[in-house]
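# Chains, contacts and geometry: an overview
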Amino acid sequence: MCRPMTDHAPPIAPSAPRLILASASPRRLELLAQIGITPAEIRPADIDEAPLKGERPRDYARRMAREKASATTAGAGEIVLAADTVVAAGRRILGKPESGDEAREFLRLMAGRRHRVLTALCLASGTQAWARLVETIVRMRPLTEAEIDAYIDSGEWRGKAGGYGIQGAAGAFIPWISGSFTGVVGLPLSETATLLRAAGIGADMRGAP
């Protein structure tokens, strides 16, 4: 279980633990590879991701990361890394669109405005867990209907919070961010690396099978 939560770094393990990634996201796997981390296993968490009534975006992101970690079975010598990325326009949570029409609605809402991207991390070992929340402000330039239509037709919006991926073609829509680029992609690398390094997992000490 992912409890109790703390912002302190985890204690350094006497030997490198096996890292379990509680996500099937290829983007998170690629980001970990950038800092030399290869998870021992990928065990995607299967949870209900519906927001609670009146739930704030920050609270929702934290809860999702915590519940993903809690839902992932880990044995002795294993550490679970879970994350959740939330796009928020004001207090509205923009999840993964279920259709092209919903993705189009999201893009129209964000075009010409700033929005927030919140990525929560939960690193769990046994009955303890350590958490981080990274918030990035993103400005999307005004978009024409033709640009929105072309992006929807590309299919790139599928499976992405807010209906866009900054690392792909939608990067041309984003002239400015304040915060973590990798956090917007799905895993803030600086904060992730700090947590993992404190747990004994680093670029030269991988979570190996």
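Given the structure is predicted, the values throughout are model-derived calculations rather than measurements.

## A closer look at the pattern of salt bridges
Applying the stated rule across the entire model yields 15 salt bridges. A salt bridge links R43 to E41; its shortest N-O distance comes to 3.0 Å. Note that D101 is salt-bridged to R104, the shortest N-O span being 3.2 Å. Of this pair, D101 and R104 are both found in helix α3 (residues 100-110), three residues apart, which corresponds to roughly one turn of the helix. Assessed through its relative accessible area of 58%, D101 is described here as exposed. Judged by its relative accessible area of 15%, R104 falls in the buried class.

## Here we look at helix α2 (residues 57-70)
Spanning 14 residues, α2 covers 20 Å between terminal C-alpha atoms, matching the ideal 20 Å at 1.5 Å per step. For α2, the complete set of buried residues consists of P57, Y60, A61, R63, M64, A65, K68 and A69. Contact partners of the buried residues in α2: β4 (78-89), β5 (92-94), β6 (114-125) and β7 (128-139).

So, how was this worked out
Residues numbered from 1 in each chain as written. Predicted model: local features only at pLDDT ≥ 70, side-chain atom pairs only at ≥ 80, totals over all residues. Heavy atoms only, no water. Salt bridge = Lys/Arg side-chain N within 4 Å of Asp/Glu carboxyl O. Helix = DSSP H or I, 4+ residues; strand = E, 2+ residues; numbered from the N terminus. Buried < 20%, exposed > 50% of the residue type's maximum accessible area, 1.4 Å probe, protein only. Expected span 1.5 Å × (residues − 1). Contact = heavy atoms within 4.5 Å.

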